[in-house]
Amino acid sequence: MTHVEDELMTQPECWTRAAAEAARHAGALPAPGERVAIVGCGTSYFMAQSAAALREGAGQGETDAFAASEFPHGRAYDRVVALTRSGTTTEVLELLGELRGRIRTTAITADPGTPVMTAADDVVVLDYADERSVVQTRFATTALTLLRAHLGLHTDAVVADARTALATPLPEGLVGCTQFTFLGRGWTVGLANEAGLKMREASLAWTEAYPAMEYRHGPISITTRGTATWMLGEAPEGLAGQVRETGGLWVPGTLDPLAELVRAQRLAVAVAAARDLDPDRPRHLTRSVILAP
């Protein structure tokens, strides 16, 4: 079993622990009414997109998401939350340094032995969700679970759905598809983006991701026999039928969207195996992007 496969299988336990510890970390996480930006790179950026949409949708306050390198320094925020598994990513550390003394910062990380521990004003360590793999799975979803629980949006049903996602066979014919499109709405757009990234990283697959209502505005033109369109969350009315009419495979989101992401992680590993690729050694990637001065 690969590291990534072994790690993604532990997500239900990690989510349960993160949810149980959310209250203990409340002082380090955004308070209701704060104007917040959530930042990250790669997978962490896509989790930031989902977390920002969830928080603002819950009425907790205006919340934006940015790639760490694209943070708008002209905007005023009460707090910036940085998601960083490694705690060493150059863009995140540079941003935290630039914000020190000006905007309160929180880092959510997996490794307490890294520079981020002193770069941020507050730190939440999810070391039990750390990973040996380059391809992120459990840290990303555990960090998002922590933030969902902090907002009062996590339930035991989410964990049950994750167990179902791990135990249920993937849809027939899915692994053999040549192109994959992931769709989301609201907070699940970030999950769709992350599902596409997992496929590219682990299996070198041709994948795309869009807000579901945007799919009709051009992207559906590539859908045909041998392609798959996977909905994370509730689909817009009529879209499933339109995809099926193209000859493409429609994959409905039947579980909690975060659990659907777990299914997509499993698909990435399965497609890698079918293509004789090692998902623990993704092409051109390292566990953390550390740039020379």
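Described below are features of the structure shown in this document. The shown structure was predicted, so the numbers you read here are calculated from the model rather than taken from an experiment. (Residues numbered from 1 in each chain as written. Predicted model: local features only at pLDDT ≥ 70, side-chain atom pairs only at ≥ 80, totals over all residues. Heavy atoms only, no water.)

1. Points about the overall build of the protein chain
Tallying secondary structure elements over the protein chain gives 10 helices and 9 strands in all. Here the C-alpha atoms of the protein chain give a radius of gyration of 18 Å, agreeing with the 19 Å that 2.2 N^0.38 yields for 293 residues. Reported as C-alpha extents along the three principal axes, the dimensions of the protein chain are approximately 55 × 40 × 40 Å. By the burial criterion, 56% of the 293 residues in the protein chain qualify as buried. Put simply, 71% of the contacts in the protein chain that link residues at least 6 apart link residues at least 24 apart. As presented, the protein chain carries roughly 12,200 Å² of accessible surface, and 52% of it is formed by carbon and sulfur atoms. When the 26 basic and 35 acidic side-chain charges of the protein chain are each reduced to a single mean position, those positions are 1 Å apart. (Helix = DSSP H or I, 4+ residues; strand = E, 2+ residues; numbered from the N terminus. Rg over C-alpha atoms; globule rule 2.2 N^0.38 Å. Buried < 20%, exposed > 50% of the residue type's maximum accessible area, 1.4 Å probe, protein only. Contact = heavy atoms within 4.5 Å. Areas by Shrake-Rupley, 256 points an atom, 1.4 Å probe, with all protein chains shown as cover. Lys, Arg positive; Asp, Glu negative; His and termini not counted. Charge placed at Lys NZ, Arg CZ, Asp CG, Glu CD.)

2. Let's talk about the side chain of Asp-64
Among the structural elements, Asp-64 can be located in strand 2 (residues 63-67). At 3.5 Å, the side chain of Asp-64 and the side chain of Arg-75 are in polar contact. (Polar contact = N/O pair within 3.5 Å; in protein donor to acceptor, adjacent residues only side chain to side chain.)

3. Some remarks on the packing of helix 3 (residues 43-57) against helix 8 (residues 188-203)
Across the interface, helix 3 lies against helix 8 with an axial gap of 7 Å and an inter-helix angle of 160 degrees. What the angle tells us is that helix 3 and helix 8 run roughly antiparallel. Regarding helix 3 and helix 8, the two cross each other, and that crossing is left-handed. Contacts from Thr-43, Phe-46, Met-47, Gln-49 and Ser-50 in helix 3 reach Gly-190, Leu-191, Asn-193, Glu-194, Leu-197 and Lys-198 in helix 8. Broken down by class, the residue content of the contact of helix 3 with helix 8 amounts to 4 nonpolar, 5 polar and 2 charged. (Axes fitted to C-alpha atoms, helices over the stretch in contact; angles between N-to-C directions. Parallel < 35°, antiparallel > 145°, perpendicular 65-115°, else oblique. Left-handed = near helix turned anticlockwise from the far one by under 90°. Nonpolar A, V, L, I, M, F, W, Y, C, P; charged D, E, K, R; others polar.)

4. Section: the environment of Met-117
Structurally, Met-117 is set in helix 5 (residues 116-119). A relative accessible area of 28% means that Met-117 is categorised as partly exposed. Here the alpha-carbon distance between Met-117 and Thr-106, two residues 11 residues apart in the chain, equals 9.7 Å. Dropping the residues within four chain positions of it, Met-117 is found in contact with Thr-109, Asp-111, Pro-112, Val-123 and Val-125.

5. Details of helix 10 (residues 257-274)
The first and last C-alpha atoms of helix 10 sit 25 Å apart over 18 residues, in line with the 26 Å expected at 1.5 Å per residue. The buried fraction of helix 10 amounts to 15 of the 18 residues, a majority that puts the element mostly inside the structure. The residue sitting at the N-terminus of helix 10 and contributing the capping side-chain oxygen is Asp-256; that oxygen lies 3.0 Å from the backbone nitrogen of Leu-258. Directly beyond the C-terminal end of helix 10, a positive phi value near 60 degrees is found at Asp-276. (Expected span 1.5 Å × (residues − 1).)

6. Some remarks on the sheet that holds strand 2
The sheet built from 5 strands is open, its strands ordered 2-1-3-4-5 with parallel pairing. With partners counted over all chains shown, the strands left at the sheet margins are strand 2 and strand 5 (122-125), one partner each. Each neighbouring strand pair of the sheet contributes to a mean axis angle of 20 degrees, computed without reference to strand direction. In this structure, strand 4 (residues 104-109) lies alongside strand 5, joined through 4 bridges in parallel fashion. Counterpart to Thr-106 in the pairing with strand 5 is Asp-122. Along the sheet face, helix 3 touches strand 1 (36-40), strand 2 and strand 3 (79-84) and points at about 170 degrees away from the line of strand 2. Contacts between helix 4 (residues 90-99) and the sheet are confined to strand 1, strand 3 and strand 4, with strand 3 contributing the most and set at about 160 degrees to the helix. (Pairing = 2+ DSSP bridges.)

In short, geometric facts, not functional conclusions.
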